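Residues per chain are reported as follows:
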Amino acid sequence: MAGAVARKEDAEAINELRQYLQEIDVSIVKEFDEGEFRGFWVKFGDYPILIENQKGKWYFIVAFQITLPQGPEQDALNEYYEKKDQHFIFELTKAFTSPLTGFSRIMENGKVVGFTLSRYIYPFYHDFCVKDLDRALQAVVSQGAEGIAFLKTILPTHPEP
């Protein structure tokens, strides 16, 4: 087939990804292969990160998820959205976005309960390297940490027990 790109076999791409995680000292918490999804839960610094592939797709998503506990934090966040507070939405968007990462809201029952920062990586292609994985992990964690810091400045906190 003219113009077809040769890709790595699934097992080769997964093994290489596992090896790269070890090379950059990222702990694999859990490896999974369930239904149509496979990948890894890893620990990068203090943060759990999902590295997931939907079978049949030629990429993995590196995702940092922030889920707010039910209660005052979620209520306050949703009040900003309900009021259509443009200043808040602008500052939140600034805190959670970068040219290197994607950003989306996590919704449940019509309410915002958290956020996902993501970056795609392409371990099935022969030019994928450990630097690509490291850049993706650093991008989502750096932006996620900035977003968390912003949320801490505007949302109420639980009293310490």
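This is a predicted model, so every value here is computed, not measured. All residue numbers here refer to positions counted from 1 along the written sequence of the relevant chain. Where local features are concerned, this predicted model is filtered to residues with pLDDT of at least 70; where side-chain atom pairs are given and counted, the filter is 80 or more; whole-chain, interface and lining totals use all residues. With hydrogens and water excluded, all non-hydrogen atoms of the structure serve as input to the side-chain values.

With that settled, the discussion passes to the confidence of the model for the chain. Mean pLDDT for the chain: 92, with 94% of residues reaching 70 or above. When mean pLDDT is taken per element in the chain, strand S3 (residues 47-54) scores highest with 97 and helix H2 (residues 72-82) scores lowest with 92. Scored between 0 and 100, pLDDT is the confidence that the predictor attaches to each residue. Helix and strand assignments follow DSSP, with helices taken as H or I runs no shorter than four residues and strands as E runs no shorter than two, numbered in order from the N terminus.

Once that is clear, we can look at the nonpolar core. To qualify as a nonpolar core, a set must consist of buried Ala, Val, Leu, Ile, Met, Phe, Trp, Tyr and Cys residues joined through side-chain atoms within 4.5 Å. Only protein chains enter the accessibility calculation, which uses a 1.4 Å probe. A residue is then buried if its area is under 20% of the maximum for its type, exposed if over 50%, and partly exposed in between. Core analysis: the biggest nonpolar cluster contains 37 residues, and Ile49, Ile51, Ile121, Leu133, Leu137 and Leu151 have the highest contact counts within it. In terms of residue count, helix H4 (residues 130-154) provides more of this core than any other element does, seven residues in total. Look past the residues within four positions of Leu133 in its chain and what remains in contact with it is Leu17, Tyr20, Leu21, Ile24, Ile51, Ile121 and Phe128. Two residues form a contact once any of their heavy atoms are found within 4.5 Å.

Moving on, we come to the pattern of salt bridges. Within this document, salt bridges are pairs made up of a side-chain nitrogen of Lys or Arg and a carboxyl oxygen of Asp or Glu, the two lying within 4 Å of each other. Counted by the stated rule, this structure contains eight salt bridges. For Glu34, the salt bridge is made with Lys30, and the minimal N-O distance between the two is 3.7 Å. Here Lys111 and Glu82 are joined by a salt bridge, their closest N and O atoms 2.7 Å apart. With a gap of 29 residues between them, Lys111 in strand S6 (residues 111-121) and Glu82 in helix H2 connect regions that are remote in the sequence. For Lys111, a relative accessible area of 37% translates into the label partly exposed.

Glancing now at helix H3 (residues 86-96). Within H3, burial applies to Phe88, Leu92, Ala95 and Phe96. For H3, the angular spread of the buried residues around the axis is 85 degrees, confining them to a single face. Away from its buried face, by an angle of more than 90 degrees, H3 presents the exposed residues Gln86 and His87. Against strand S4 (60-67), H2, strand S5 (102-108), S6 and H4 lie the buried residues of H3. The N-terminus of H3 is capped by Asp85, whose side-chain oxygen sits 3.1 Å from the backbone nitrogen of His87. This arc is built from the directions going out from the helix axis to the C-beta atoms. Pairs of N or O atoms within 3.5 Å make up the polar contacts considered here, provided that, within protein, one atom can donate a hydrogen while the other can accept it, and that residues adjacent in sequence are counted only when both atoms are side-chain atoms.

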